[in-house]
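Coordinate inspection notes
Given next are the chains, with one letter for each unit.
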Amino acid sequence: MAILTYREAVARGIAQEMERDDSVVLIGEDVAGAGGVFKTSAGLLERFGPERVIDTPIAEQAILGAAMGAAMTGLRPIAEIMFSDFFAVCWDLVVNEMAKTRYMTNGQVTIPLVVKSGNGGSLRFGAQHSQSIENWAMAVPGIKVVAPSTPEDVVGLMAAAVRSDDPVLFFEHKGLYSSKGEVPDGPIVDELGTARVRRPGKDATVVALGLMVSRALAAAEQLAERGIDCEVIDLRSLVPLDAATVLESLGRTGRLFTVEENPRMLGWGSELVAIAGDDGFWDLDGPIVRITTPHIPLASADSLEDLMIPSVDRIRDEIEQALKP
Amino acid sequence: MNLPLSNHAYGEHALVLPPDDPTSHDDADISMETRLRMYRMLQEMRQFEKRAYDLFMQQLVKGTTHLSLGMEAVAAGFGAAMDTDDYTFATYRGHAHTLARGVPMEGVLAELLGRANGLLGGKGGSMHLTSVEHKVMGSYAIIGAHLTIANGAAWSAQYRRSGQVAVCFFGDGTTNIGAFHEALNYAAVFKLPVVFVCENNQYMEYTAIGDITAVRRPAADRAPAYGLEPIVVDGNDADAVHLVAAEALAHARSGKGPVMVEALTYRHGGHSRADPGKYKPPGELEAWLAYDPIKVYRGRLERLGVAAADIDAINAEVAAAVDEATEAAKNGPLPDPRAAFTDVWADGGHQWRS
Ligand SMILES: Cc1ncc(C[n+]2csc(CCOP(=O)(O)OP(=O)(O)O)c2C)c(N)n1
Ligand SMILES: [Mg+2]
């Protein structure tokens, strides 16, 4: 057992897979010599050499195209898009090329690749470096979407993403990079499409993702002191979506809350609400509540950013309010 | 005030006309076997495309289709020069490049007709022809993207030390999109074994390339910015293309990095579907029809002593093959409705939730 930061866990997960499989390679801006702008690939160049850990030009389309072409022809590339906001300049490669090529070719082409990216806010970077874009990604048929919240999950889900034969967008939360957690020794391989119950509870099901998981857990602790017992589910993966775990929990608690960092309109929680409407309606004992960032770009001032992204206090208060008899 | 765009003269660039000497490559060092092979390919592409057009006009080919009529020599010249393991990356105008790698006509035509016996089971259509078995790694319909993907295949070949080269075909219009420039720099920096082939047919969709491009030769004049030689080849002479292709492939294969080839050619028809091409200035089409790649090549074969009857026999064989493929395509069943739900994911299915 070791205590690792989230950023160290990213490098550990990649290293674990590179060690195991020569076809795993890493490309991106500043990922090699500098070890990544977020230091998520520190030490990998030294360990695996310049043929497998490669600094690229600032050319996001070229990066994702290279990853895709290599994945189609025998490699298992990991490509880094530094800030997830930058997906906007290479979204074609994700949406039109990676996502559709297997389908359009009737299964002839397989695209086993991972695109890792720093996602989300709370670091005062302003509107162009703080977005949570997981909800764009999950809207695209053919792309898997993962967003781990703990160092252990980072390692295991990175391994699962690399071993997946489908393209996976791997969203690292920038606000979690320096967070720490225990990580077991030895290889860890997790499973995509599985949520985790982080805190069992009987009064309400609270579903969260990424940075929102720890905030939801903290809110749940405070609510427990007030006699409200929340079950907190870390979704971990949006595609595939572990709806069964959420619906099973809802069946026991009768109330559903989502805690989302993405802008409100068509955030991932709205799909969960729709699923609850389809398959969990008769389990509901009250309205479903989505606790989200408003539908706005994020401001950079800490006072403003903190007002927008769901905080522990806001999560606690909205849940408490909704559960008032 | 004199606004700059009020002086922008669309259609007033100088006409680009074909060379006028079809004999220029009569003496090229190319075996008769290869030449006959290329002639057969030219015929296959020509007759296939004409049939595709007819079927489109009969509304059997739905949606859209982009023909290579008039541009066949580029596909044949490269097709005959590539190793069986080399990768092809094509565009939506990709029928000829697909046939050039030996993909049977039936599957291609059936795909155009949306049938289950289509190359992609009816799920891709005319613009996305792919046959991994023949190393045709796809036909891509978003301008520019596939240059970056071809880089990836070339990178993988380099990493695996397989000796393969990726050949990526695209149009003149594609030289103005960002992905083109990203791809060129990337390929040059990493010395990737990739050959970029610009089929300069002088038009994007309906706008002449000269009217909206800062340089005269859209690909060749950009190549030096990425440390590459500016190479222009007569894209209507299969021998000229073949020689340049062989050299480019050898260069890329030897580890010296990418090559950019601009093949000057012309599309006889419109951009797609039934586009009548009214934007073409008078005399231009006629001049290029007179320098038709098939006419040029047939003339050469005859000058080199191939009997007209032997050439006609090739034409007839190809015609029979196209007829046969047409019948097989027309008789193909419609896709099983369940096929719409397969192969979103590598497990073969489409499930996204539990
Ligand atoms: C990104 C993008 N923009 C626009 C289009 C629409 N479009 C399809 S073909 C085409 C013209 C391309 O011209 P060129 O590269 O010269 O190829 P050609 O069709 O002449 O072979 C355009 C603009 C597209 N498919 N993708
Ligand atoms: Mg063109």
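Values in this document were obtained by computation on a predicted structure and should not be read as measured data.

**Considerations on the overall build of chain B**
- Counting its regular elements, chain B contains 10 helices and six strands.
- Taking 20 Å as the expected radius of gyration for a compact globule of 354 residues, we find that chain B reaches 20 Å, a close match to that expectation.
- Each principal axis of the C-alpha distribution contributes one length, and for chain B these read about 60 × 55 × 50 Å.
- Counting every position in chain B, which comprises 354 residues, the buried fraction comes to 55%.
- Expressed as a percentage of contacts within chain B between residues at least 6 apart in sequence, the contacts between residues at least 24 apart total 75%.
- As displayed, chain B offers around 14,300 Å² of accessible surface, 55% of which is attributable to carbon and sulfur atoms.
- Here chain B contributes 31 positively and 43 negatively charged side chains, and the mean placements of these two sets differ by 5 Å.

**As for the pairing of strand S6 (residues 259-264) of chain B**
All names here are of chain B.
- Most of S6 sits out of view: five of its six residues are buried.
- Here strand S4 (residues 194-200) pairs with S6 via six bridges, running parallel. Across the sheet, the residue bridging to Asn 200 is Leu 264, located in S6.
- Direction of pairing for strand S5 (residues 231-234) relative to S6: parallel, over a ladder of four bridges. When the bridges of S6 are listed, Val 232 appears paired with Glu 262.

**Quick word on the coordination of the magnesium ion (ligand 2)**
All names here are of chain B.
- Taken together, the protein donors to the magnesium ion (ligand 2) comprise Asp 172 (OD), Asn 201 (OD1) and Tyr 203 (O), at separations of 2.1 to 2.2 Å.
- Mapped onto the sequence, the residues coordinating the magnesium ion (ligand 2) show the spacing D-x28-N-x1-Y. Separated by 31 residues along the polypeptide, Asp 172 in the loop between strand S3 (166-171) and helix H6 (178-189) and Tyr 203 in the loop between S4 and S5 bring together distant segments of the chain. Here Asp 172 matches Tyr 203 in class, with each residue buried.

**Some words on the interface of chain A and chain B**
- Taken together, the contacts link 53 residues of chain A with 40 residues of chain B.
- Contact between chain A and chain B buries roughly 3,900 Å² in total, counting both sides, with carbon and sulfur atoms accounting for 62%.
- Three residues, Tyr 103, Met 104 and Gln 108 of chain A, lead the burial of chain A against chain B; their summed loss comes to 18% of the area buried on that side.
- At the junction of chain A and chain B, the tally comes to three salt bridges.
- Between Arg 161 of chain B and Glu 51 of chain A there is a salt bridge, with its nearest N and O atoms 3.0 Å apart.

**Some remarks on a nonpolar patch on the surface**
All names here are of chain B.
- There is a patch of nonpolar side chains on the surface, built from Tyr 10, Met 204 and Ile 212 and spanning about 290 Å² of accessible area.
- Tracing the chain through its elements places Met 204 in the loop between S4 and S5.
- Since its relative accessible area comes to 36%, Met 204 is described here as partly exposed.

**Digging into the state of the cysteines**
- Evaluated as defined, the whole model comprises zero disulfides over all chains.
- Distance from the sulfur of Cys 90 of chain A, which forms no disulfide, to the nearest cysteine sulfur (Cys 168 of chain B) is 18 Å.
- You can call Cys 90 of chain A buried: its relative accessible area is 1%.
- Considering cysteine sulfurs only, Cys 198 of chain B is the nearest to Cys 168 of chain B, which forms no disulfide, with 10 Å between them.

**A few points about the packing of helix H1 (residues 32-57) of chain B against helix H9 (residues 293-303) of chain B**
All names here are of chain B.
- As a packed pair, H1 and H9 sit with axes 10 Å apart at the nearest point and diverge in direction by 150°. Judged on the interaxial angle alone, H9 and H1 are roughly antiparallel. Here H1 and H9 pass one another in a crossing that is left-handed. Touching Met 32, Arg 35, Leu 36, Met 38, Tyr 39, Leu 42, Gln 43 and Arg 46 of H1 are Pro 293, Ile 294, Tyr 297, Arg 298, Arg 300 and Leu 301, all from H9.
- Along the lines of polarity and charge, the residues of the contact of H1 with H9 split into nine nonpolar, one polar and four charged.

**With respect to the packing of aromatic side chains**
- Taken as a whole, this structure holds 17 aromatic pairs over all chains when the rule is applied.
- For the ring pair Phe 38 of chain A and Phe 83 of chain A, a centre distance of 5.1 Å and an interplane angle of 65° mean the geometry is edge-to-face. Here Phe 83 of chain A lies in strand S4 (residues 76-83) and Phe 38 of chain A lies in the loop between strand S2 (24-28) and helix H2 (44-48), a separation of 45 residues in the sequence. The same class applies to Phe 38 of chain A as to Phe 83 of chain A, namely buried.
- Ring centres 5.6 Å apart and planes at 50° place the aromatic pair Tyr 206 of chain B and Tyr 279 of chain B in the tilted group. Of the two residues, Tyr 206 of chain B sits in the loop between S4 and S5 while Tyr 279 of chain B sits in the loop between S6 and helix H8 (284-290), which places them 73 residues apart along the sequence.
- The exposure class assigned to Tyr 206 of chain B is partly exposed, which follows from its relative accessible area of 42%.
- What makes Tyr 279 of chain B partly exposed here is its relative accessible area of 23%.
- A cation sits over an aromatic face here: Lys 144 of chain A above Trp 345 of chain B, 5.2 Å from the ring centre.
- Its guanidinium or amino end placed over the ring of Tyr 103 of chain A, Lys 123 of chain B lies 4.1 Å from that ring's centre, counting from NZ or CZ.

Calculation criteria
- Residues numbered from 1 in each chain as written.
- Chains lettered and ligands numbered in written order.
- Predicted model: local features only at pLDDT ≥ 70, side-chain atom pairs only at ≥ 80, totals over all residues.
- Heavy atoms only, no water.
- Helix = DSSP H or I, 4+ residues; strand = E, 2+ residues; numbered from the N terminus.
- Rg over C-alpha atoms; globule rule 2.2 N^0.38 Å.
- Buried < 20%, exposed > 50% of the residue type's maximum accessible area, 1.4 Å probe, protein only.
- Contact = heavy atoms within 4.5 Å.
- Areas by Shrake-Rupley, 256 points an atom, 1.4 Å probe, with all protein chains shown as cover.
- Lys, Arg positive; Asp, Glu negative; His and termini not counted.
- Charge placed at Lys NZ, Arg CZ, Asp CG, Glu CD.
- Pairing = 2+ DSSP bridges.
- Donors = N, O, S within 2.8 Å, 3.2 Å for Na, K, Ca; no water.
- Buried area = accessible area lost by both parts, 1.4 Å probe.
- Salt bridge = Lys/Arg side-chain N within 4 Å of Asp/Glu carboxyl O.
- Patch = residues over 30% accessible without salt bridge, like charges linked within 9 Å, V, L, I, M, F, W, Y side chains within 5 Å.
- Disulfide = S-S within 2.5 Å.
- Axes fitted to C-alpha atoms, helices over the stretch in contact; angles between N-to-C directions.
- Parallel < 35°, antiparallel > 145°, perpendicular 65-115°, else oblique.
- Left-handed = near helix turned anticlockwise from the far one by under 90°.
- Nonpolar A, V, L, I, M, F, W, Y, C, P; charged D, E, K, R; others polar.
- Phe/Tyr/Trp six-rings, centres within 6.5 Å; stacked < 30°, edge-to-face > 60°.
- Lys NZ or Arg CZ within 6 Å of the ring centre and 35° of its normal.

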